[in-house]
Amino acid sequence: MTDRRLLILRTALLWILLELVAAAQVRSPTGELVLWSWTRAAVAPLLYVGDAVGSFVAGTITGVSDATALVVENNRLQRELETTRAMNLLLRDDMRARREVETTIGLIPGLAASAVPGRTTHRDLSRGRLVAVVAAGHRIRSDTSAVATGGLIGRVIRSEGRRCWVEVITHPASAVAVQTPDGEVQGLAVGSDPAEPGTLEIRYVPRHANLLRGDEIVTSGADGVHPPGIPVGRVITVRESDRPFLDVRAEPAAQPATARVVLFLHGWAGPPPPVGSRP
Amino acid sequence: MMKVVFLAAATLAAQVALGLPSSPPWMAAVLLPVVFITAPPLLQSERRWPHFALLLGLAWDLMLEPVVGPGAIAWSAAAVVISLVVPLVADRSPRAWLAFGALGAALVIVVREVALLPLGMTGGLSWRSAAVSVSLTAGWCCLIGWIIALDLPSRWLRYRSRKLR
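The structure contained in this document is the topic of the report that follows. In this text the structure is predicted, and so the values were computed from the model without any measurement.

Taken together, the contact between chain A and chain B spans 14 residues of the former and 16 residues of the latter. With 10 residues, the top contributor of residues to the side of chain A that touches chain B is helix 1 (residues 3–23) of chain A. Residues belonging to the side of chain A that touches chain B are distributed by class as follows: 10 nonpolar, three polar and one charged.

Okay, structure coming up:
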């Protein structure tokens, strides 16, 4: 850089300095120093950009935090919705169970006083097993009769805590002493063989017995396990055979596959005798 | 250097005196210190005179202007421009003094107005007053150039030598 250019550059810088000095002495019509207004005008774009960037960053942060809060709130609401749906399903199931209990209690007179309801939690009909849970504080003994909607469903074979394992009456090892409601025909209802699952075989029914298809059979109480008078099933076939007894089959009154609730007849001796009958 | 400073101070004092209420109004239009920014390049003196022009402008501002700064800018700007233009011209006669005096005065007036423009203090300049000021200042510079061209000391010495002979 030549001396002349250097001189001009220095002089120009001095001019700028002198202009600033002059601006520091002059006030604008509003009473403000001109230098201050220049400074403000020079800094204003930077402040504007800074403000815009700050607003953008703040807006972005707010948006991200809001979105995060929204996602969290959405997840919470989804969980609540799922919980509510589950509660709704449970309540609906409870309502159905309640209706089943009422239906079952209304089925047999005098049952409400001592019956202990239990919720079915598991069923394995191929093995003739059903698991039910009773309320805390109830102790269900083995060989307690279990009744579901329609009639007898089985007997308790094991009880542990609140859980009770029930052997359903369609199990081949099950045997229930039955009779017709009028007591004229006696028999023994055993579980079906694998050839006809889900049915009962009524054994030891004499050939001369007056038993027709559609007749109802109830417990007789002769087995010492089940109280008398509980519906067991309905006759579906009556055949003669070469044996001295009729070949009778019945369908169970209770459906283990759909039973939600079972009633354990804990300490129940049976329905009260009809009015006017002799003891 | 001290002589120049003294002359500048005397010029500024004279400038103040020209603006006294008792003097004619046109006398205040003469920019007497312009001769200090036209003389150095025309006389080919040292090149530090733009700084001197700056100091001269500051002194002008302190004595005559309401704001310190624009005058210094104007005077130094005029000095810089004249320093760039004078080497382009070979003429050093009073006519050159006249022209560069007019140029310096015009530059001082215009640059001062430009420097006052951002401060919101312009509005006092008219073409007529500027023309009067430029003309009178050019005449003043021409007078100085003519006096210098006369070379009175050498004439006086020659006269004395003739008389003593």
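Still more to cover.
Further remarks concern the sheet that holds strand 2 (residues 129–134) of chain A. Residue and element names in this part refer to chain A. Taken together, the six strands give a closed barrel; going around it, the order is 1-2-5-4-3-12, and neighbouring strands pair in antiparallel fashion. Strand after strand, the sheet turns through a mean of 40 degrees between neighbouring axes, direction not considered. The pairing of strand 1 (residues 115–124) with strand 2 spans six bridges and is antiparallel. Within strand 2, the position partnered with Thr120 by the bridge is Ala132. Along the sheet, helix 2 (residues 34–107) contacts strand 1, strand 3 (145–148) and strand 12 (261–265); its crossing angle with strand 12, the most-contacted strand, is approximately 40 degrees.

A word on unusual backbone geometry. Even without glycine at this site, Asp143(A) takes up a positive phi of about 65 degrees. Within the secondary structure, Asp143(A) is located in the loop between strand 2 and strand 3. Backbone geometry places Asp151(B), a non-glycine residue, at a positive phi of 55 degrees. Structurally, the position occupied by Asp151(B) is in the loop between helix 6 (127–150) and helix 7 (152–164). On the basis of neighbour counts, which here come to 11 C-beta atoms within 10 Å, the residue Asp151(B) falls in the exposed class.

To continue, consider the sheet that holds strand 11 (residues 247–252) of chain A. All names here are of chain A. Pairing in this closed barrel of six strands is antiparallel, and the strands run 6-7-8-11-10-9 around the ring. Going from strand to strand, the sheet's axes swing by 40 degrees on average, the running direction of each strand aside. Note: strand 6 (residues 175–179) against strand 9 (residues 216–219), two bridges, orientation antiparallel. Residue Val178 lies in a different strand from strand 9, and its bridge partner there is Thr219.

This part takes up the pairing of strand 2 of chain A. All names here are of chain A. Every second residue of strand 2 is oriented toward a common face, the buried set being Leu130, Ala132 and Val134 and the non-buried set Arg129, Val131 and Val133. Hairpin remark: strand 1 followed by strand 2, antiparallel, with four residues in the connecting loop; positive phi at Gly128, about 70 degrees. Sheet analysis places strand 2 next to strand 5 (residues 163–168), joined by five bridges and oriented antiparallel. Within strand 5, the residue paired with Val131 across the bridge is Trp165.

Let's shift gears to the environment of Gly267(A). Counting through the fold element by element, Gly267(A) comes out in the segment after strand 12. In this structure, the C-alpha to C-alpha distance between Gly267(A) and Arg141(A), residues 126 residues apart in sequence, is 9.4 Å.

Okay, the packing of helix 5 (residues 94–116) of chain B against helix 6 of chain B next. Residues and elements named next belong to chain B. The interhelical angle for the contact between helix 5 and helix 6, taken along N-to-C directions, is 145 degrees, at an axis separation of 7 Å. Regarding helix 5 and helix 6, the two cross each other, and that crossing is right-handed. Contacts from Pro94, Trp97, Leu98, Phe100, Gly101, Ala102, Ala105, Ala106 and Ile109 in helix 5 reach Ala130, Ser133, Val134, Thr137, Ala138, Trp140, Cys141, Cys142, Ile144, Gly145, Trp146 and Ala149 in helix 6. For the contact of helix 5 with helix 6, the residue count by class is 17 nonpolar, four polar and no charged.

Before going further, it helps to spend a moment on the pairing of strand 10 (residues 231–239) of chain A. Residues and elements named next belong to chain A. Where strand 9 lies against strand 10, three bridges are found, and the strand directions are antiparallel. Within the sheet, the bridge partner assigned to Glu216 lies in strand 10 and is Arg234. Relative to strand 11, strand 10 runs antiparallel, the two being bridged by six bridges. Paired with Gly233 across the strands is Pro252, a residue of strand 11.

Rules used throughout
- Residues numbered from 1 in each chain as written.
- Chains lettered and ligands numbered in written order.
- Predicted model: local features only at pLDDT ≥ 70, side-chain atom pairs only at ≥ 80, totals over all residues.
- Contact = placed C-beta atoms within 7 Å.
- Helix = DSSP H or I, 4+ residues; strand = E, 2+ residues; numbered from the N terminus.
- Nonpolar A, V, L, I, M, F, W, Y, C, P; charged D, E, K, R; others polar.
- Pairing = 2+ DSSP bridges.
- Axes fitted to C-alpha atoms, helices over the stretch in contact; angles between N-to-C directions.
- Buried ≥ 20, exposed ≤ 12 C-beta atoms within 10 Å, placed from the backbone.
- Left-handed = near helix turned anticlockwise from the far one by under 90°.

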